[in-house]
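Residues per chain are reported as follows:
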Amino acid sequence: MNPLSQLPAVDRLLAEPAVASLVDIHGRSIVTRLVRNALAEAREAIRAGAPLPDSASLIAKIDKNAKAQAMPRLRPVYNLTGTVLHTNLGRAPLPEEAIQALVTAARSPCALEYDIESGGRGDRDDIVNELLCELTGAEAATVVNNNAAAVFLLLNTLAQKKEVIVSRGELIEIGGAFRVPDIMKRAGARLVEVGTTNRTHLKDFAEAISPRSAMLMKVHASNYAIQGFTHAVPESELATLAHENGLPFVVDLGSGTLADLDAYGLPHEPTPRENIAAGADLVTFSGDKLLGGPQAGLLVGRKDLVARIKKNPLKRALRVGKITLAALEAVLRLYRDPDRLHERLTALVQLTRPQTEIHAAADRLLPALQAALASRPVTVEIVPLKSQIGSGSLPVDRLPSAGFAVRPQGKKGGVLNRIEAALRGLDRPVIGRIEDGALLLDLRCLAPAEETAFAANLAGLSCS
Ligand SMILES: *Cc1c(COP(=O)(O)O)cnc(C)c1O
């Protein structure tokens, strides 16, 4: 008898109790498609000489594919890379206050562009304008999709068909194709580079100023450091020079924290408040780097310049939604209480976590990792590590941390790549890093409250 004709019909498979319960979960349309696919694959295999599959194996395949297609693509992972603000892993985790606020904003209508007092139309920037001014000392603020958008909008508004003078040492590329010269070109501005890679002086800027100049610009070289025989012009001198020539002085700060990081034992990072105090007319920075908030680009500074920027029609194209604003407002409110910021702002909690505490977490989790890797030819030990802030912040400074080093027994390095892949294949993927012949798992970003679930998740390794 032809085995093809013995395959069950689509309807018969759909009527099987196991498949019917999949229909309850995933819906008829998806499950019907998966049933058809499974039958088509079986026919193909039979034509190639495979035996007739039994219903149980067909159903198992349908079940597996149903689970796979239901899995969200934007999955939570454990960030054990040692890079706290990891751009590819979503940068800053939000504090609970921001999560509550964004959930509420998502669920209900809210006064996004509505003035509750007057009943008239409002401005969505007003939600965070006062807070941003209070926290930076600026006169006005506006918010767009990210810092790249803020820089673009600023240049397009104030420097179209004009020249922007920037130090050659600051013509940076940020991961993910943000290059200052490219943004400048797309914004319609002409870049005038001054100085050399390592040294730029005030007279280099002064000599470049012409009737075509739109502004002097400083780009915070956030993801690398030039060391040795270097010179950069202090911001206050650039501001004075710009103002003497009737030009604005603008700063792309990149990672903009609103707090004084030294107060929390972290290396100093310049703040928008310092830029404004030094005479900057506009400062742009990211919402999801050191600030610890949602993805956003914040632009603060002189009222007249912010007003011009807000009138640019591209502002409408780059604006943020209510969910972002809800989270941003909540995060900015936390900054009003600097004494408790390091306990409440998740990014800062992670950045200030003491090495001894991280080491203690490693002690607690070592048995779970050893058990999960028991069948593999590796050793596991607790080691001191150095975390980095990430997202281009403070590239040279490292934070003392701790975690696990998994090393191959003998010379077979391939085992590390297999374990690294198996960790990525867990229900909740665990992302570490391979460095100097070891797979390193930095525990800085694993919250104590997550440890139990983390250990349970690791157990999946022994089955893979
Ligand atoms: C990160 C960064 C940007 C880009 O900011 P996004 O928020 O990622 O768009 C631009 N300039 C500097 C100096 C940066 O550090």
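Each remark here, short or long, concerns the structure printed above.
Please read these numbers as outputs of a predicted model, since none were measured by experiment. (Residues numbered from 1 in each chain as written. Predicted model: local features only at pLDDT ≥ 70, side-chain atom pairs only at ≥ 80, totals over all residues. Heavy atoms only, no water.)

Student: How should the pairing of strand β3 (residues 163-167) be read in this particular structure?
Tutor: On a regular strand, each side chain points to the face opposite its neighbour's, so the side chains alternate between the two faces of the sheet. For β3, the tally of buried residues reaches 5 of 5 residues, placing the bulk of the element in the interior. With burial as the criterion, each face of β3 is covered, one bearing Glu163, Ile165 and Ser167 and the other bearing Val164 and Val166. Looking at chain direction, β3 and strand β6 (residues 190-194) are connected through 5 bridges and run parallel. Within β6, the position partnered with Glu163 by the bridge is Arg190. (Buried < 20%, exposed > 50% of the residue type's maximum accessible area, 1.4 Å probe, protein only. Helix = DSSP H or I, 4+ residues; strand = E, 2+ residues; numbered from the N terminus. Pairing = 2+ DSSP bridges.)

Student: Is there a simple way to think about unusual backbone geometry in this case?
Tutor: Glycine aside, residues mostly have negative phi, and peptide bonds are mostly found in the trans state. Its identity as a non-glycine residue notwithstanding, Arg91 has a phi of 55°, on the positive side. Within the element layout of this structure, Arg91 appears in the loop between β1 (78-79) and α6 (96-107). At Lys161, a residue that is not glycine, the phi angle is positive and equals roughly 60°. Looking at where Lys161 falls in the secondary structure, it is placed in the loop between α8 (147-158) and β3.

Student: Even after reading the chapter, I still don't get the environment of Gly188, so can you show me in this structure?
Tutor: With respect to the helices and strands, the residue Gly188 is situated in the loop between α9 (180-186) and β6. Of the residues examined, Gly188 reaches a relative accessible area of 27% and is grouped as partly exposed. Residues Gly188 and Leu4 lie 184 residues apart in sequence; the distance between their C-alpha atoms is 65 Å.

Student: Whenever I open this one, a negative patch on the surface confuses me. Can you help?
Tutor: Together, Asp115, Glu117, Asp126 and Glu130 line one region of the surface with negative charge. Along the polypeptide, Asp115 turns up in the loop between α6 and α7 (126-136). (Patch = residues over 30% accessible without salt bridge, like charges linked within 9 Å, V, L, I, M, F, W, Y side chains within 5 Å. Areas by Shrake-Rupley, 256 points an atom, 1.4 Å probe, with all protein chains shown as cover. Salt bridge = Lys/Arg side-chain N within 4 Å of Asp/Glu carboxyl O. Lys, Arg positive; Asp, Glu negative; His and termini not counted. Charge placed at Lys NZ, Arg CZ, Asp CG, Glu CD.)

Student: What's the story with the packing of aromatic side chains in this structure? I'm lost.
Tutor: Aromatic ring pairs are described here by two measures, namely the spacing of the ring centres and the angle between the planes. Throughout the structure, instances matching the rule amount to 1 aromatic pair. Each ring, one from Tyr78 and one from Phe454, has its centre 4.9 Å from the other, and the planes form 90°; the classification is edge-to-face. Of the two residues, Tyr78 is situated in strand β1 and Phe454 in helix α20 (residues 451-458); the sequence distance between them amounts to 376 residues. The buried category is assigned to Tyr78, whose relative accessible area is 4%. Given the relative accessible area of 1%, Phe454 is considered buried. Lying across the ring of Tyr78, Arg428 places its NZ or CZ 4.0 Å from the centre. (Phe/Tyr/Trp six-rings, centres within 6.5 Å; stacked < 30°, edge-to-face > 60°. Lys NZ or Arg CZ within 6 Å of the ring centre and 35° of its normal.)

Student: Whenever I open this one, the sheet that holds strand β9 (residues 282-286) confuses me. Can you help?
Tutor: Working definition: the strands of a sheet are paired by backbone hydrogen bonds and lie parallel or antiparallel to each other. With respect to topology, 7 strands assemble into an open sheet ordered β2-β10-β9-β8-β7-β3-β6, the strand pairing being mixed. Pairing within the sheet leaves two strands with one partner each, and these edge strands are β2 (140-144) and β6. Taking each pair of neighbouring strands and ignoring which way they run, the sheet shows an average axis angle of 25°. Two strands pair when backbone bridges link them, and strand β7 (residues 213-219) and strand β8 (residues 249-255) are joined in this way by 4 bridges, in the parallel orientation. Within β8, the residue paired with Lys218 across the bridge is Val251. (Axes fitted to C-alpha atoms, helices over the stretch in contact; angles between N-to-C directions.)

Student: Even after reading the chapter, I still don't get helix α4 (residues 28-47), so can you show me in this structure?
Tutor: Within an α-helix, residues lying three or four positions from one another point in the same direction, as the helix has 3.6 residues per turn. Compared with the 28 Å implied by 1.5 Å per residue over 20 residues, the 28 Å span of α4 between its first and last C-alpha is a close match. All buried positions along α4 are accounted for by Val31, Thr32, Leu34, Val35, Ala38, Leu39, Ala42 and Ile46. Seen from one end, α4 has its buried residues packed into an arc of 165°, which puts them on one side. The outward face of α4, more than 90 degrees from its buried face, is lined by the exposed residues Ser29, Glu44 and Arg47. At the C-terminal side of α4, Gly49 shows a positive phi close to 105°. (Expected span 1.5 Å × (residues − 1). Arc of directions from axis to C-beta.)

Student: What's the story with the pattern of salt bridges in this structure? I'm lost.
Tutor: Opposite charge on two side chains allows them to pair when their charged atoms are near. Scanning all chains against the criterion turns up 26 salt bridges. Where Arg91 meets Asp288, a salt bridge forms, and the shortest distance between an N and an O atom there is 3.0 Å. Separated by 197 residues along the polypeptide, Arg91 in the loop between β1 and α6 and Asp288 in the loop between β9 and β10 (297-301) bring together distant segments of the chain. In the salt-bridge network here, residues are joined through shared partners; they are Glu97, Asp337, Arg340 and Arg344.

Student: Quick question: what am I supposed to make of empty space enclosed by the protein here?
Tutor: Rolled over the atoms, a probe as big as a water molecule pinpoints where empty space is left. Scanning the model with the defined rule gives 1 cavity of 30 Å³ or more in all. Size it by volume and the largest cavity reaches roughly 50 Å³. What lines the largest cavity is simply Thr257, Ala259, Leu261, Leu290, Tyr335, Leu341, Leu345, Ala347, Leu348 and Leu351. Ranked by the residues each element gives to the lining of the largest cavity, the list is headed by helix α17 (residues 346-351), at 3 residues. (1 Å grid on protein atoms, 1.4 Å probe; cavity = no way out; pocket = protein on both sides within 12 Å on 5 of 7 lines; lining within 4 Å. Points joined across faces, edges and corners; volume = space filled by probe spheres on them.)

Student: Sorry if this is basic, but what is going on with the nonpolar core here?
Tutor: With 59 residues, the main nonpolar core has Leu132, Val143, Leu216, Phe285, Leu332 and Tyr335 as its most contacted residues. Counting residues in each nonpolar core, the second largest holds 31 residues, with Val180, Leu282, Leu299 and Leu305 among its members. (Core = buried A, V, L, I, M, F, W, Y, C linked by side-chain atoms within 4.5 Å.)

Student: Is there a simple way to think about the side chain of Asn312 in this case?
Tutor: Mapped onto the elements of the fold, Asn312 is located in the loop between α13 (303-311) and α14 (313-318). Given a relative accessible area of 11%, Asn312 falls into the buried group.

From the geometry alone we can't say anything about function, so treat these as descriptive.
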